[in-house]
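Here is what each chain is made of, one letter per residue.
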Amino acid sequence: MMLVGLLINGLVSGALYALVAVGFTLVIGVLDKLNFAHPEVLMIGGFVAVVASGLPPYYAFIAAFATGGLLGLVVEFAAFRRFTDADAKITAGLASMAVGLVLTDLTQKVFGTESVSLPIGGGWLSRRFQIAGVEFLNVQIVIVLATAILTGGLHVLLQRTRVGRQIRAVAESPVSASLLGVNVLRVSQAVFFVSSALAAEAGLLLALRSGAASSDIGLTFGLKALAIMAIGGLGDLRGAMLGGLVIGVLEAFMFHLGLGRLSELTVWLAMIVTLMVRPRGLFSSGTHGLEQRA
C-alpha cells in the first residue's frame, strides 16, 4: 500500500509538471519560440489564490485562468509580436525573460519575498479518505481532476474547433496559413492566452497542495517543466504530458529510497540522458505540427 501511495504522490506532482510543460510546448510548437515568462505566470497563479482567500475555490480557478490568459496576451504583445523573423528567436526569448523578471519584482513588491500562507478552501482540501486501504487527500483528487479537465479541454480545442484547426495550420506554416485567410496574429494571441492560463492554473493547484504561494516557485518548478518539455520533444504535447508524469513518479521513488536530496536532480539527469540518445526528445518527429500531438 505504501508503494501505491507513493505512486499517487508521484502522479499528482507529474500532473502539475505536465500542465506547465504543455503550456511551454504549445507556444514553441506553434511559434517555434520559447516563452521564458511562462514560469512567472505559474507563480502568479499561486498569488491569485491568495487574493481569492475566503471565497469558494471555484472563484479562484476562474480568476487564475483569466489572469493567466491576460498575462499571456501581455507577454505576446511585449515580447513576441515585433519579433516574427526566424532570426529573432533569441531576441524574443530575452524579451520574454525581461517580462518575467518584471512580474517577479512586482509580485515581491506587493507580497514580499517570503512565502504567503494560503487559507483558501478551509480544511476541506486537507481532509483524507481511504479506498481499499489507500489514503487520499482531497487536494490530490482536485489536482488530478483539474489537470484531466484542462488537458482534455485543450485536446478538444485543438482537434474539434475552428480555432484549433487554425492553430494547427499556423504550426505547420504561418505563411501558408496566412495565404489561406488565417489571421496569424489572432492565432498567436489565442495560443499565448491558453498556454498562460494553463500555467496559472498549475500555479494555483501547486499553491493549494503546498498551502503557500511563493515568488520563487517559477524558478524551481517552472524550469523543471521546461526540462520536461525537452525530454518529451519540442512541440509535442503528448511528450510533455507523459514526460511530466514520468518525472513526477521518478522523484517520488527517489524520496522513497532515501535520496530526497538527489530528487531535484532527477529531471536534469533524465534530460541529459534523453538528449544524448534522442536530441529531439522522446516523441518529436522533427516538425512542430500539432495535428497528432494533443
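Placed above this text is the structure.
Model, not experiment: these values are computed from the prediction. (Residues numbered from 1 in each chain as written. Predicted model: local features only at pLDDT ≥ 70, side-chain atom pairs only at ≥ 80, totals over all residues. Heavy atoms only, no water.)

It is worth spelling out the environment of Ile217 at this point. Within the secondary structure, Ile217 sits in helix H9 (residues 217-232). Each C-alpha atom of the pair Ile217 and Leu206 lies 9.3 Å from the other, and the pair is 11 residues apart in sequence. Excluding residues that lie within four positions of it along the chain, Ile217 makes contacts with Leu42, Met43, Leu206 and Gly222. (Helix = DSSP H or I, 4+ residues; strand = E, 2+ residues; numbered from the N terminus. Contact = heavy atoms within 4.5 Å.)

Our focus in this paragraph is a nonpolar patch on the surface. A contiguous nonpolar surface patch, about 980 Å² in accessible area, is contributed by Leu219, Leu223, Leu262, Leu265, Trp268, Leu269, Ile272, Val273, Met276 and Val277. Looking at the nonpolar patch, the elements that each hand over two or more residues are H9 and helix H11 (260-277). With 8 residues, the top contributor of residues to the nonpolar patch is H11. With respect to the helices and strands, the residue Met276 is situated in helix H11. (Patch = residues over 30% accessible without salt bridge, like charges linked within 9 Å, V, L, I, M, F, W, Y side chains within 5 Å. Areas by Shrake-Rupley, 256 points an atom, 1.4 Å probe, with all protein chains shown as cover. Salt bridge = Lys/Arg side-chain N within 4 Å of Asp/Glu carboxyl O.)

Okay, the pattern of salt bridges next. Counted according to the given criterion, the structure contains 5 salt bridges. Glu76 is the partner of Arg81 in a salt bridge, and the nearest nitrogen-oxygen pair spans 2.9 Å. You can call Glu76 buried: its relative accessible area is 2%. The partner of Asp105 in a salt bridge is Lys109, with the nearest N and O atoms 3.1 Å apart. (Buried < 20%, exposed > 50% of the residue type's maximum accessible area, 1.4 Å probe, protein only.)

Turning our eyes to something else, we now look at the packing of helix H5 (residues 138-160) against helix H6 (residues 162-172). Two elements in contact, H5 and H6, have axes separated by 5 Å at closest approach and are oriented at 75 degrees. Relative to H6, H5 is oriented roughly perpendicular. Residues Leu157, Leu158, Gln159 and Arg160 of H5 touch H6, and the partners they reach there are Val163, Gly164, Arg165, Ile167 and Arg168. (Axes fitted to C-alpha atoms, helices over the stretch in contact; angles between N-to-C directions. Parallel < 35°, antiparallel > 145°, perpendicular 65-115°, else oblique.)

Fair warning: the whole summary comes from geometry, so function is off the table for now.
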